[in-house]
Amino acid sequence: MSKFAETNEKIAEKVVEAYKKIEDGVVEGYKKMETGVVEGFNKVNDKIIENVFSKDGETVEESKKRLSGDK
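Throughout what follows, the structure given in this document is the object of discussion.

1. Regarding the overall build of the protein chain
Secondary structure summary: the protein chain contains two helices and zero strands in total. Counting only C-alpha atoms, the protein chain reaches 80 × 20 × 10 Å along its principal axes. Counting all 71 residues of the protein chain, 4% fall into the buried class. A gap of 1 Å separates the mean positions of the 14 positive and 16 negative side-chain charges of the protein chain.

The structure is reproduced here in structure tokens:
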């Protein structure tokens with residue numbers, strides 16, 4: 001393999017490596033954001049069920065079960 005081809009291959013490997021690090025960082029950031037949004041939604045949802053739909057003495061989980069129709 002020529003010196004030029006070897007150098008070109010090394011550059012290509014470094015570019016791919018850098019791209020992979022960027023990709024991993026973006027995916028990790030997205031997953032953290034997604035988890036935060038879902039957890040926030042669940043907290044709000046639980047508060048709404050607790051304040052609006054729960055009967056006296058009923059837990060949030062019992063209310064969810066009753067509202068979903070599961071017995």
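2. Some thoughts on the side chain of Ser63
Note that Ser63 resides in helix 2 (residues 60–68). Ser63 gets classed as buried once you look at its relative accessible area, which sits at 0%. Non-local contacts of Ser63, meaning those with residues more than four positions away in its chain, are made with Ile49, Phe53, Ser54, Lys55 and Glu58.

3. A short note on the environment of Lys47
For Lys47, the location among the structural elements is in helix 1 (residues 3–53). In this structure, the C-alpha to C-alpha distance between Lys47 and Thr59, residues twelve residues apart in sequence, is 11 Å.

4. Digging into the pattern of salt bridges
Evaluated as defined, the whole model comprises seven salt bridges. Residue Lys47 is joined to Glu50 by a salt bridge in which the shortest nitrogen-to-oxygen separation is 3.5 Å. Taken together, the positions of Lys47 and Glu50, both in helix 1 and three residues apart, correspond to about one turn of that helix. Among the residues examined, Glu50 registers a relative accessible area of 39% and is labelled partly exposed. Between Glu61 and Lys64 there is a salt bridge whose closest N-O contact spans 3.9 Å. Placement of both Glu61 and Lys64 in helix 2 is noted, with a separation of three residues, approximately one turn of the helix. Residue Lys64 is classed as partly exposed on the basis of its relative accessible area of 27%.

Reading the values: the criteria
Residues numbered from 1 in each chain as written. Predicted model: local features only at pLDDT ≥ 70, side-chain atom pairs only at ≥ 80, totals over all residues. Heavy atoms only, no water. Helix = DSSP H or I, 4+ residues; strand = E, 2+ residues; numbered from the N terminus. Buried < 20%, exposed > 50% of the residue type's maximum accessible area, 1.4 Å probe, protein only. Lys, Arg positive; Asp, Glu negative; His and termini not counted. Charge placed at Lys NZ, Arg CZ, Asp CG, Glu CD. Contact = heavy atoms within 4.5 Å. Salt bridge = Lys/Arg side-chain N within 4 Å of Asp/Glu carboxyl O.

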